[in-house]
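# Commentary on secondary and tertiary structure
Here's the letter readout for the chains.
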Amino acid sequence: NAGMVLLNRSEIGNGDLMGKVLPKVKSIYTKEILGGWVDIGKIDNYINLTLKLYKNEQVDWAIKNTPITEFIKRILEADRIFIMGNGGSFTTAQHIALDWSKVGKKSAIALDSAPMITAYANDTGYENVFLSQLDIYKPGQNDIILLISGSGNSPNIRKVIEFCPANIIMGMTGNKGLLKERVPMT
């Protein structure tokens, strides 16, 4: 279960509570302005309540049409998160890794080392650049591999889908393709 509190602007200040609040998945507590605790039950409820604060068409659609709470829970509970993509998805992977590491205090690793990518591309082909790096890190059952692909069919993304344990892979894509067909939460 999670506890939730309501804070006014003077208590929050200009800081960001994500680093202090979100990583505490099992118990989210702080001082409430009315002097008590609000028990909101499971973390799913907290996530849904937080998302509903945004009240816009895109967030409403996401809540209704994607397993967004499961996605967020898995990210919060993961030991390490490996993120990869090509082109624009490559920069998105870098940005996500930065935010989740800095703000969320998660071990989020974008597979974005140019020397590593070009070395593997030269030695084993570009289709193996991510899988070869994952072989070094040895992702475990409490890790997540987040694949980002606009087409869902990039050969190096396909290799990760084919060779890594399905239960630790998550994906983000907007098109049909292997990523959408074989990976949950895309």
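To be clear, the structure that these remarks concern was listed above.
Taken together, the 4 strands give an open sheet; going across it, the order is 4-3-5-6, and neighbouring strands pair in parallel fashion. Looking along the sheet, the strands with just one partner apiece sit at the ends: strand 4 (107-110) and strand 6 (169-172). Going from strand to strand, the sheet's axes swing by 20 degrees on average, the running direction of each strand aside. Packing against the sheet, helix 8 (residues 129-137) makes contact with strand 3 (80-85), strand 4 and strand 5 (144-148), and its axis sits at approximately 165 degrees to strand 3.

Turning to the pattern of salt bridges, a few remarks are in order. In the structure shown here, the tally under the stated rule is 2 salt bridges. The partner of Arg80 in a salt bridge is Asp143, and the shortest N-O contact between them spans 2.8 Å. Of the two residues, Arg80 is situated in strand 3 and Asp143 in the loop between helix 8 and strand 5; the sequence distance between them amounts to 63 residues. For Arg80, a relative accessible area of 23% gives the class partly exposed. Asp143 sits in the buried class, given a relative accessible area of 5%. Close ionic contact of Lys138 with Asp135 constitutes a salt bridge, the shortest N to O distance being 3.2 Å.

Among all positions of helix 9 (residues 155-163), only Asn156, Ile157, Val160 and Ile161 are buried. One face of helix 9 carries all of its buried residues, which in axial projection span an arc of 145 degrees. Those residues of helix 9 that are exposed and aimed more than 90 degrees away from the buried face are Pro155 and Phe163. As for helix 9, its buried residues are in contact with strand 3, helix 8, strand 5, strand 6 and helix 10 (178-182).

Further remarks concern the nonpolar core. Core analysis: the biggest nonpolar cluster contains 17 residues, and Met84, Phe130, Leu134, Ile145, Leu147 and Val160 have the highest contact counts within it. Mapped onto this core, the elements with two or more residues apiece are strand 3, helix 8, strand 5, helix 9 and helix 10. Residues within four places of Phe130 in sequence aside, it is in contact with Met84, Gly85, Asn86, Leu111, Asn156, Ile157 and Val160. Ala93, Ile96, Ala97 and Ile144 belong to the second-largest nonpolar core, a separate cluster that totals 14 residues.

As a further point, take the packing of helix 7 (residues 114-124) against helix 8. Any two packed helices are characterised by how steeply their axes cross, that is the angle between the axes, and by the distance between the axes. Put simply, helix 7 and helix 8 touch, their axes get as near as 9 Å, and they point 110 degrees apart. Classified by the angle their axes make, helix 7 and helix 8 are roughly perpendicular. Where helix 7 crosses over helix 8, the two elements pack in a sense that is right-handed. On helix 8, the residues touching Met116, Ile117, Tyr120, Ala121 and Thr124 of helix 7 are Val129, Ser132, Gln133 and Ile136. In terms of residue class, the contact of helix 7 with helix 8 is made up of 6 nonpolar, 3 polar and no charged.

Scoring rules and cut-offs
Every chain is numbered independently, its residues counted from 1 as its sequence is written. Since the coordinates come from a predicted model, pLDDT governs what is reported: local features require at least 70, and pairs of side-chain atoms require 80 or more to be given and counted, while whole-chain, interface and lining totals use all residues. Remark: hydrogens and water are excluded; side-chain values derive from all non-hydrogen atoms of the structure. By this definition, two strands are paired if DSSP reports at least two bridges between them. Strands are runs of DSSP state E lasting at least two residues, helices are runs of H or I lasting at least four, and both sets are numbered from the N terminus onward. The angle between two axes is taken between their N-to-C directions and runs from 0 to 180 degrees, where each axis is a line fitted to C-alpha atoms and a helix contributes only its stretch in contact. Residue contacts are counted whenever heavy atoms from the two residues lie within 4.5 Å of one another. Salt bridges are defined as contacts in which a side-chain nitrogen from Lys or Arg sits within 4 Å of a carboxyl oxygen from Asp or Glu. Only protein chains enter the accessibility calculation, which uses a 1.4 Å probe. A residue is then buried if its area is under 20% of the maximum for its type, exposed if over 50%, and partly exposed in between. What the arc covers is the set of directions going from the helix axis to the C-beta atoms. By nonpolar core is meant a set of buried Ala, Val, Leu, Ile, Met, Phe, Trp, Tyr and Cys residues that side-chain atoms within 4.5 Å join together. Put simply, angles under 35 degrees are roughly parallel, angles over 145 are roughly antiparallel, angles from 65 to 115 are roughly perpendicular, and the rest are oblique. By definition, turning the near helix anticlockwise from the far helix through less than a right angle yields a left-handed crossing, and turning it clockwise yields a right-handed one. Only Asp, Glu, Lys and Arg are considered charged in this grouping, and only Ala, Val, Leu, Ile, Met, Phe, Trp, Tyr, Cys and Pro are considered nonpolar; every other residue, Gly among them, is considered polar.

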